[in-house]
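The lines below spell out each chain.
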Amino acid sequence: MTGDTLPDWRDSLPWPAADTHKHARGRLGVVSGKATQTGAARLAARGGLRIGAGLVRILCPPDAAAVVAPTIEAIMLTPFGSDEALAEAAAEMDAVVIGPAAGVNEVTQANIRALAGTGAVLVVDADGLTAFEGWPADLFELLDRDDVLTPHEGEFKRLFPGLLDQGREAAAAEAARRADAVMVLKGPATVIAAPDGRLAINDNGTPWLATAGSGDVLAGMIGGLVAQRMDSFDAARAAVWMHAEAARGFGPGLIAEDLPERLPAVLAALFAQSSH
Ligand SMILES: NC(=O)C1=CN([C@@H]2O[C@H](COP(=O)(O)OP(=O)(O)OC[C@H]3O[C@@H](n4cnc5c(N)ncnc54)[C@H](OP(=O)(O)O)[C@@H]3O)[C@@H](O)[C@H]2O)[C@@H](O)CC1
Ligand SMILES: Nc1ncnc2c1ncn2[C@@H]1O[C@H](COP(=O)(O)OP(=O)(O)O)[C@@H](O)[C@H]1O
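Since this is a predicted model, take the numbers as computed values, not measurements. (Residues numbered from 1 in each chain as written. Chains lettered and ligands numbered in written order. Predicted model: local features only at pLDDT ≥ 70, side-chain atom pairs only at ≥ 80, totals over all residues.)

### As for the site of ligand 1
As a reminder of what qualifies: Proximity of a residue to a molecule or strand is defined by its backbone-placed C-beta atom lying within 6 Å of that partner. Helix and strand assignments follow DSSP, with helices taken as H or I runs no shorter than four residues and strands as E runs no shorter than two, numbered in order from the N terminus.
Neighbouring residues of ligand 1: 16 residues in total, closest Gly39, Ala126, His152, Gly154 and Gly213. Elements supplying a minimum of two residues to the shell around ligand 1: helix H1 (39-50), helix H5 (127-130), helix H7 (153-159) and helix H9 (214-227). In terms of residues, the shell around ligand 1 owes the most to one element, H7, which gives three residues.

Shown next as structure tokens:
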């Protein structure tokens, strides 16, 4: 990370205390797509669970429940049949990830609108961003300052046409200001910007991450940290670094499924260095 004046996110990682229980450790919801598109949410959920959220629940359309249920163990499942029902399920969550394979449509827009009315911190990725192409202000007005948007460059251009002409750092900073939310502009050097002006550039990226679903895992990891009440900007910085570190540790042959399974090694090294 750049920025010598920025506090190190390592000092605010949420290690469990002796009296912690799973609910206190952070409850993360991940919204799944329809029955044929549940993998992305499962990747995100696994990332959130591995990074330490005490309880992770996939929230899925009713038709997807029979597909998701046989593929999960520790991760829990709640089907929802309407945006109201989604908001009701999310009311118990500290954070919710929405977007991976959610569908680029009005249902995804309505689901984000419903989630914005809950107390959960939102991590909006992929289709959750693209669904607002042409109407970015409709998304921004729903967001709180601790919500996080995680676009790759294609998604970023859909919400902020022309802004990348200013360069990635200036563009991410301006986007965070416009959205009034934390911006994670993904790429070989991921830029993380907060609406209060904080800015960091991740410096341990690796092209092994250029594989389908790796961004879904990252969204879940950010969600898992903010569910543990880590500051959203620090959570994004930490997750981006750990995500790349996990990929570096695996190297050739990496697929997205491998990333959550590498996290214990990454976390163990950070835990050993910490003053817990
Ligand atoms: N396991 C699963 O279930 C998975 C499900 N997934 C889900 O699938 C859905 C569709 O995902 P997607 O990847 O096809 O859509 P999207 O990323 O919008 O790409 C569309 C176009 O954008 C452009 N583009 C420009 N810059 C880019 C960049 N940096 N990175 C990538 N693209 C960039 C590029 O156009 P080009 O530059 O080639 O002209 C590209 O053709 C979505 O719901 C997602 O969540 C995935 O997460 C994978 C794992
Ligand atoms: N060449 C690269 N170097 C470093 N990181 C990369 C590279 N290509 C992709 N990544 C990282 O991989 C992830 C890809 O996310 P995304 O494009 O959303 O994929 P998906 O939608 O398939 O999950 C991001 O974290 C991005 O920063």
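This is not the end of the story, as more comes after the structure.
### Things to note about the UniProt feature "binding site: (6S)-NADPHX" (unreviewed entry) in the protein
As a reminder, the rule being used: UniProt positions are given in the numbering used here, feature names are shortened, and annotations may be inferred rather than shown by experiment. Contact between two residues is assigned when their C-beta atoms, built from the backbone, lie within 7 Å. Residues with at least 20 other C-beta atoms within 10 Å of their own are called buried, those with 12 or fewer are called exposed, and the rest are partly exposed. The C-beta atoms themselves are positioned from the backbone.
Here, UniProt's "binding site: (6S)-NADPHX" (unreviewed entry) annotation points to Ala40, His152 and Asp216. Relative to the helices and strands, Ala40 resides in helix H1. Setting aside residues up to four positions removed in sequence, Ala40 forms contacts with Gly33, Pro100, Ala101, Gly213 and Asp216. Tracing the backbone through its elements, the reader meets His152 in the loop between strand E6 (148-150) and H7. Classification of His152 as partly exposed rests on a count of 16 C-beta atoms within 10 Å. Contacts of His152, omitting those with residues within four sequence positions, involve Lys186, Gly187 and Gly215.

### Digging into the site of ligand 2
Applicable threshold: Gly is put with the polar residues, along with every residue not named as nonpolar or charged; the nonpolar set is Ala, Val, Leu, Ile, Met, Phe, Trp, Tyr, Cys and Pro, and the charged set is Asp, Glu, Lys and Arg.
Around ligand 2, a shell composed of 17 residues is seen, among which Lys186, Gly205, Leu209, Ala210 and Gly215 lie nearest. Residue classes in the shell around ligand 2 are distributed as seven nonpolar, eight polar and two charged.

### With respect to the pairing of strand E5 (residues 121-125)
Threshold: Strand pairing follows a simple DSSP-based rule, namely that at least 2 bridges must link the two strands.
Among the five residues of E5, five are classified as buried, and the element is accordingly described as predominantly covered. Relative to E5, strand E4 (residues 95-98) runs parallel, the two being bridged by four bridges. Within the sheet, the bridge partner assigned to Val97 lies in E5 and is Val123. Of the strand pairs in this sheet, E5 and E6 are connected by three bridges, and their pairing is parallel.

### Here we look at the UniProt feature "binding site: AMP" (unreviewed entry) in the protein
UniProt marks Lys186, Gly187, Pro188, Ala189, Thr190 and Gly215 with the feature "binding site: AMP" (unreviewed entry), using the numbering shown here. Taken together, the annotated residues stretch across 30 residues yet fold into one region, lying no more than 13.8 Å apart by C-alpha. With respect to the helices and strands, Pro188 occurs in the loop between strand E7 (182-185) and strand E8 (191-193). Counting through the fold element by element, Gly215 comes out in helix H9. Under the C-beta neighbour-count criterion, Gly215 is labelled buried, with 25 such atoms within 10 Å. Those residues in contact with Gly215 that sit more than four places away from it in its chain are Asp125, Ala126, Thr150, His152 and Lys186.

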